Amino acid sequence: ERGGEDLDSLPWPAFHLYPIHDLCLTSIRVEAGRGCPFGCTFCSTASFFGRKFRLKSAKRICDEMDYLHNTYGISDFSLTHDLFTVNRAKVVDFCEQFGDRHYSWACSARMDCVDAELLALMRASGCRSIYFGIETGSLRMQRIVHKNQDLSMVAPTLDVCSTLGLFSTVSLITGYPQEEQDDQDATLDLVGQCFY
């Protein structure tokens, strides 16, 4: 069933079997959810976890963070889910549940699943970094690989993140079988626009 519908019903990860102390880890990944409703041709997430987007409850994620903090002293977390921000209400709930914990966290998102208000709330709750999958600066390739991002959002969204003090990573792919020189040039142009 690809991980079940209610991710809170899954057993806790066997953190005790991982050599956290031996590796002197100061940061660790926490699974936040599974599934992706989008159909990008290059990605295995939907085929592996299904198209139905699911998140653990905010309480469950925070409980796992608290356990890792109390047991191992870890205060920095990366939430493992390709699209943590697809369901705005759940992200807001997480930020509110996060409360006054003095942890930092990072996540992955699509640019069309965030806005300035949500990014500010995330930052205020301790979000330090967001990984954005853009994949190509070519409108033609955006359609071919079924990413369908509005590329006009890239620079403004990165500007908002920068203003808020959120570190942003942008993922770009080159070498698609259908890619031509103009497509590669468009991707390089997009990268250049992000530095103005």
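Per chain, residues are indexed from 1 in the order of the written sequence. Given that this is a predicted model, residues contribute local features only at a pLDDT of at least 70 and side-chain atom pairs are listed and counted only at 80 or more, while totals for whole chains, interfaces and linings are drawn from all residues. Excluded from the side-chain calculation are hydrogens and water; included are all heavy atoms of the structure.

Caption draft 1: Representation of the packing of helix α3 (residues 88–98) against helix α4 (residues 116–124). In this analysis, axes come from line fits to C-alpha atoms, helices being fitted only over the stretch in contact, and the angle between any two N-to-C directions falls in the range 0 to 180 degrees. Every helix listed is a DSSP run of H or I at least four residues long, and every strand listed is a run of E at least two residues long, numbered separately from the N terminus. Between α3 and α4, the shortest axis-to-axis distance is 9 Å and the interhelical angle comes to 25°. One element, α3, and the other, α4, form an angle in the roughly parallel class. Crossing geometry of α3 relative to α4 is assigned as left-handed. The segment α3 lies against α4, with R88, V91, V92 and C95 engaging E117, L118, L121 and M122. Here the nonpolar group is Ala, Val, Leu, Ile, Met, Phe, Trp, Tyr, Cys and Pro; Asp, Glu, Lys and Arg are the charged ones; every other residue, Gly included, is treated as polar. Here the residues of the contact of α3 with α4 are counted per class, giving six nonpolar, no polar and two charged. Any angle that falls under 35 degrees is termed roughly parallel, while one over 145 is termed roughly antiparallel, one within 65 to 115 roughly perpendicular, and all others oblique. Crossings are sorted by hand: turned counterclockwise from the far helix by less than a right angle, the near helix makes the crossing left-handed, and turned clockwise it makes it right-handed. Between two residues, a contact is recorded if the distance between any of their heavy atoms is within 4.5 Å.

Caption draft 2: Examining the pattern of salt bridges more closely. By definition here, a salt bridge exists when the distance from a side-chain nitrogen of Lys or Arg to a carboxyl oxygen of Asp or Glu is within 4 Å. In this structure the tally under the stated criterion is 12 salt bridges. When the shortest N-O distance is used, the salt bridge between D66 and R101 registers 2.8 Å. Here R101 lies in the loop between α3 and β5 (104–109) and D66 lies in helix α2 (residues 58–72), a separation of 35 residues in the sequence. Exposure is judged per residue with a 1.4 Å probe applied to protein chains only, and the accessible area is read against the type maximum: over 50% gives exposed, under 20% gives buried, and values in between give partly exposed. On the accessibility criterion, R101 (21% relative accessible area) is partly exposed. Through salt bridges with shared partners, one network takes in E31, R34, K56, R60 and E64.

Caption draft 3: How the structure looks around the environment of G33. Tracing the backbone shows G33 in strand β2 (residues 33–34). By relative accessible area, G33 is classed as buried at 6%. With near-sequence residues (within four places) excluded, G33 lies in contact with L7, R54, L55, K56, T80 and H81.

Caption draft 4: Representation of α3 within the structure. Considered for burial, the residues of α3 that qualify are V91, F94, C95 and F98. Burial along α3 is one-sided: seen end-on, the buried residues are contained in an arc of 95°. Projecting away from the buried face of α3 at angles above 90 degrees are the exposed residues A89 and E96. As for α3, its buried residues are in contact with α2, β4 (76–80), β5 and α4. Pairs of N or O atoms within 3.5 Å make up the polar contacts considered here, provided that, within protein, one atom can donate a hydrogen while the other can accept it, and that residues adjacent in sequence are counted only when both atoms are side-chain atoms. Measuring from the side-chain oxygen of the N-cap residue of α3 to the backbone nitrogen of A89 gives 3.1 Å; that N-cap residue is N87. For this quantity, the arc is that covered by the directions from the helix axis to the C-beta atoms.

Caption draft 5: Expanded view of the packing of aromatic side chains. Aromatic pairs are defined between Phe, Tyr and Trp rings, using the six-membered ring for Trp, whenever the two ring centres lie within 6.5 Å; interplanar angles under 30 degrees are classed as stacked, those over 60 as edge-to-face, and all others as tilted. Within the structure shown, the criterion is met by 10 aromatic pairs. On the numbers, 5.9 Å between centres and 85° between planes, the contact of F98 with Y103 is edge-to-face. Accessibility expressed as a relative area gives 0% for F98, which makes it buried. Members of the aromatic cluster, joined through ring pairs, are F77, F84, F94, F98, Y103 and W105.

Caption draft 6: A look at the nonpolar core. In this structure, L79, F94, W105 and M122 are the most contacted members of the largest nonpolar core, which totals 40 residues. When contributions to this core are tallied by element, the ones reaching two or more residues are β1 (27–31), α2, β4, α3, β5, α4, β6 (127–135) and α6 (154–164). Here the element with the most residues in this core is α2; it accounts for six residues. Excluding residues that lie within four positions of it along the chain, L79 makes contacts with V30, A32, I61, M65, F84, F94, W105, A106 and C107. Joining through side-chain atoms within 4.5 Å is the link that ties buried Ala, Val, Leu, Ile, Met, Phe, Trp, Tyr and Cys residues into a set, and such a set is a nonpolar core.

Caption draft 7: Fine view of the environment of A186. Among the structural elements, A186 can be located in helix α7 (residues 181–193). Residue classification places A186 among the partly exposed positions, given a relative accessible area of 21%. Measuring from C-alpha to C-alpha, the distance between A186 and Y72 comes to 46 Å, with 114 residues separating the pair along the chain. Contact partners of A186, with chain neighbours within four places excluded, come to G137 and S138.

Keep in mind these numbers describe shape, not what the thing actually does.
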